[in-house]
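These are the residues of each chain, in order.
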Amino acid sequence: MSASLENAPRLSEATLSGLRKDVRRPGFDRGGVSIGQVHLGAGAFFKAHLAPHTQTALEEADGNWAICGASLRSPEARDTLAPQDNLFTVTEKDGAGARTSLVTVLKEMLVAPENPAALIGAIADPAVRIVTATITEKGYCLNPASSGLDFDHPDVKHDLENPAAPKTAIGLLAAAIDKRIAARAPLTVVSCDNLPGNGALFKNAVRDFIGEAYPGAASAFDDHVRFPSTMVDRITPATTDEDRRDVFMNTGLYDAAAVVTEPFTQWVIEDRFAAGRPQWESAGALLVADVAPYETAKLRLLNGAHSALAYLGYLMGCDYVSDAMAQPELAAFIRAMQEEEIAPSFPAPADLPLGPYIADLNTRFRNPALKHRTWQIAMDGSQKLPQRWVETIRAQLARGGPVNRLPLGVAAWTQYVSGVDEKGAAIDVRDPMAERLKRIGAEAGGDPADRARAFLSIREIFGSDLLQSALFTKLLTDAIALLRAEGAAAAVMKINRENGR
Ligand code: CS2
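Residues numbered from 1 in each chain as written. Predicted model: local features only at pLDDT ≥ 70, side-chain atom pairs only at ≥ 80, totals over all residues. Heavy atoms only, no water.

### Examining the site of the ligand
And then number 1: Every residue close to the ligand is listed here: Asn194, Asp233, Arg234, Ile235, Lys298, Asn303, His306, His372, Ile377, Lys384 and Arg388.
And then number 2: Between the ligand and Arg234 there is a distance of 3.0 Å, counted from an oxygen atom to a backbone nitrogen or oxygen.
And then number 3: Interatomic distance of 2.8 Å between a side-chain N/O atom of His306 and an oxygen atom of the ligand.
And then number 4: In the complex, 86% of the free accessible area of the ligand, which totals 340 Å², lies under the protein chains.
And then number 5: Those elements giving two or more residues to the shell around the ligand turn out to be α9 (292-315) and α14 (381-399).
And then number 6: The greatest single-element share of the shell around the ligand, amounting to three residues, is contributed by α9.
And then number 7: Broken down by class, the residue content of the shell around the ligand amounts to two nonpolar, four polar and five charged.
And then number 8: When residues of the shell around the ligand are assigned to domains, at least three map to each of domain 1 (3-288) and domain 2 (292-498). (Near = heavy atom within 4 Å. Polar contact = N/O pair within 3.5 Å; in protein donor to acceptor, adjacent residues only side chain to side chain. Areas by Shrake-Rupley, 256 points an atom, 1.4 Å probe, with all protein chains shown as cover. Helix = DSSP H or I, 4+ residues; strand = E, 2+ residues; numbered from the N terminus. Nonpolar A, V, L, I, M, F, W, Y, C, P; charged D, E, K, R; others polar. Domains from an automatic or database assignment.)

### Considerations on the pairing of strand β4 (residues 97-103)
And then number 1: Sheet topology places strand β3 (residues 88-94) next to β4; seven bridges connect them, and they run antiparallel. Among the inter-strand pairings, Val90 is bridged to a residue of β4, identified as Ser101.
And then number 2: Where β3 hands over to β4, the hairpin turn is made up of two residues, counted between the paired strands. (Pairing = 2+ DSSP bridges.)

### With respect to the domain arrangement of the protein chain
And then number 1: Domain boundaries assigned for the protein chain yield domain 1 (3-288) and domain 2 (292-498).
And then number 2: Spacing between the C-alpha centres of domain 1 and domain 2 amounts to 30 Å.
And then number 3: If you look at the interface, domain 1 gives 28 residues, while domain 2 gives 24 residues.
And then number 4: A combined buried area of about 2100 Å² lies between domain 1 and domain 2, and 60% of that area is made up of carbon and sulfur atoms.
And then number 5: Taken together, the links from domain 1 to domain 2 amount to four salt bridges.
And then number 6: With its nearest N and O atoms 2.5 Å apart, the salt bridge here joins Lys138 to Asp380.
And then number 7: Put simply, domain 1 and domain 2 have seven residue pairs in polar contact (both at pLDDT 80 or more) between them.
And then number 8: Looking at the side of domain 1 that touches domain 2, the element that brings in the most residues is strand β11 (residues 230-233), giving four residues.
And then number 9: Looking at side-chain class alone, the side of domain 1 that touches domain 2 contains 14 nonpolar, seven polar and seven charged residues. (Contact = heavy atoms within 4.5 Å. Buried area = accessible area lost by both parts, 1.4 Å probe. Salt bridge = Lys/Arg side-chain N within 4 Å of Asp/Glu carboxyl O.)

### A short note on the environment of Asp233
And then number 1: Among the structural elements, Asp233 can be located in strand β11.
And then number 2: What makes Asp233 buried here is its relative accessible area of 2%.
And then number 3: Sequence spacing of Asp233 and Phe264 is 31 residues, and the spatial spacing of their C-alpha atoms is 8.1 Å.
And then number 4: There is a polar contact of 2.9 Å between the side chain of Asp233 and the side chain of Arg364. (Buried < 20%, exposed > 50% of the residue type's maximum accessible area, 1.4 Å probe, protein only.)

### Here we look at the packing of aromatic side chains
And then number 1: Under the definition given, this model contains ten aromatic pairs.
And then number 2: Ring geometry for Tyr140 and Phe202: centres 4.8 Å apart, planes at 75°, overall edge-to-face. Of this pair, Tyr140 sits in the loop between β6 (130-133) and β7 (142-143) while Phe202 sits in helix α6 (residues 198-213), and the two are 62 residues apart along the sequence.
And then number 3: A relative accessible area of 1% means that Tyr140 is categorised as buried. (Phe/Tyr/Trp six-rings, centres within 6.5 Å; stacked < 30°, edge-to-face > 60°.)

### Digging into helix α8 (residues 241-251)
Each turn of an α-helix holds 3.6 residues, which means side chains three or four residues apart point in the same direction.
And then number 1: Regarding α8, the residues found buried are Asp243, Arg244, Val247, Phe248 and Thr251. Angularly, the buried residues of α8 cover 140° about the axis, an arc narrow enough to put them on a single face.
And then number 2: Elements that come into contact with the buried residues of α8 comprise β3, β4 and β12 (259-261).
And then number 3: Gly252 occupies a position one or two residues after α8 and carries a positive phi of about 90°. (Arc of directions from axis to C-beta.)

### Some thoughts on the nonpolar core
And then number 1: Counting residues in hydrophobic clusters, the biggest one holds 75 residues, and the most contacted among them are Leu40, Leu119 and Phe202.
And then number 2: With nine residues, the top contributor of residues to this core is helix α5 (residues 169-182).
And then number 3: Ignoring sequence-local partners within four residues, the contact set of Leu40 consists of Ala70, Leu72, Leu119, Ile123, Val131, Thr132, Ala133, Thr134, Ile135, Ala169 and Leu173. (Core = buried A, V, L, I, M, F, W, Y, C linked by side-chain atoms within 4.5 Å.)

### So, unusual backbone geometry
And then number 1: Even without a glycine there, the phi angle at Asp85 is positive, about 55°.
And then number 2: With respect to the helices and strands, the residue Asp85 is situated in the loop between α2 (76-81) and β3.
And then number 3: Asp85 sits in the partly exposed class, given a relative accessible area of 33%.
And then number 4: Despite not being glycine, Cys141 shows a phi value in the positive range, around 50°.
And then number 5: Tracing the backbone shows Cys141 in the loop between β6 and β7.
And then number 6: With relative accessibility at 6%, the residue Cys141 sits in the buried group.

### Things to note about the packing of α6 against helix α7 (residues 215-224)
And then number 1: Running from N to C, α6 and α7 point in directions that differ by 145°, and their axes come no closer than 6 Å. In terms of crossing hand, the pair formed by α6 and α7 is left-handed. Contact residues: Lys203, Val206, Arg207, Ile210, Gly211, Glu212 and Ala213 in α6; Pro215, Ala217, Ala218, Phe221 and Asp222 in α7.
And then number 2: Looking at side-chain class alone, the contact of α6 with α7 contains seven nonpolar, one polar and four charged residues. (Axes fitted to C-alpha atoms, helices over the stretch in contact; angles between N-to-C directions. Left-handed = near helix turned anticlockwise from the far one by under 90°.)

### Some words on the pattern of salt bridges
And then number 1: Evaluation of the coordinates by the stated rule reveals 27 salt bridges.
And then number 2: With its nearest N and O atoms 3.1 Å apart, the salt bridge here joins Glu92 to Arg234. You can see Glu92 sitting in strand β3 and its partner Arg234 sitting in the loop between β11 and α8, a full 142 residues away along the chain.
And then number 3: Accessibility expressed as a relative area gives 22% for Glu92, which makes it partly exposed.
And then number 4: The exposure class assigned to Arg234 is buried, which follows from its relative accessible area of 7%.
And then number 5: For Glu340, the salt bridge is made with Arg405, and the minimal N-O distance between the two is 3.3 Å.

Here it is, written out as structure tokens:
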């Protein structure tokens, strides 16, 4: 905790009367609502997106949908929320100002490694009808080749050997689903991670695990458990001490669990629930038959651009996305990438015109009030690149469309994961494949063609086709050569000039 806040009055049930009057309070009685939803991965995004959606639904319609949150690794979130009776605030911020709301819908927090049986019991409780999850791309333990469970994953191996004390979300869910099937209690499991077809991927992973560990439950699985796909969107940086200080100044109470986010929020949900759901549409959620068109647009245009801003921006010395967007050459480069290379790579959703969508995204990226670190987005690139860039590149190559800027993004990623920036300083690379990526970078040496081939040989990221594409291998070789010779800023400028921007 920052020194100046140590003695500040802390947010809790007992101190609520000290909360400034202009903080928005929920219009439902917390005490009268019991738990109906468990959320796996109760971090900043959950607090800024899922929890407010469920809270608004409860304001509009009755239902026992209070939330039990769970952390799958560290006790930190639970320990931060416990002295606050699991209350926290969400502050929406942009250049025009800030607006804080109190969130009361979270009623309990569990920590899986401390007591996996308690979390399995919570999910198995028939009063719970929905599990939502933000466990990040790597949390699904997928084998990219089969799109099913990666049985060689060390945590999956652990869970199959210790099914009553699993570490992964997949093992925890499987154990609980086994109990629910025995009790004939249907469940809906909702992935809220940035993966295409996230519902089907989640289902594959859990079904594969059940087939191995609980064969008796396998035949009833499809009937009892539904896995709708969703697209979630709200840019939510990690909270800083400065944010917590600002929230205190603006609300009158110290909230150690505060989140700061943008005003924009979107949730598109496939409307396929096994046992009811909160009325999330009253919070603006779009319930649809097919999420895929929205998911593709968001993953490629928002997240794809985000990753390009992260790697190129980081190499250009920009700590935050808004700093990267303040570089006119980089902003123009990203815009052209979105308009000329990404948007034409997929059919636009009927009700989402891509021109205004791209313009709005770039306004959001510019939000000067959000301190969103390029380093944070650069994390776990090996898990993100396939759906953010590789699918786009593949589609553009197949249709003979332009691929003038994406290769520089990939080149910047190869530089980033090699672990040294343009000034020779070490980069703190966070990625489940970090060691392997660093080794590939070191062993490939300085020749751009060797480097392009070495990185494109990583099948988990690039499949086998991009290495076989002479065109893409050449484009990446040229981009790596340009980046290494001139640096990111000059490379961006040169590509802008060559392509008339
Ligand atoms: C970001 C996303 O960290 C990242 O990789 O691209 O978390 C992004 O902020 C969200 O998907 C926005 O909805």
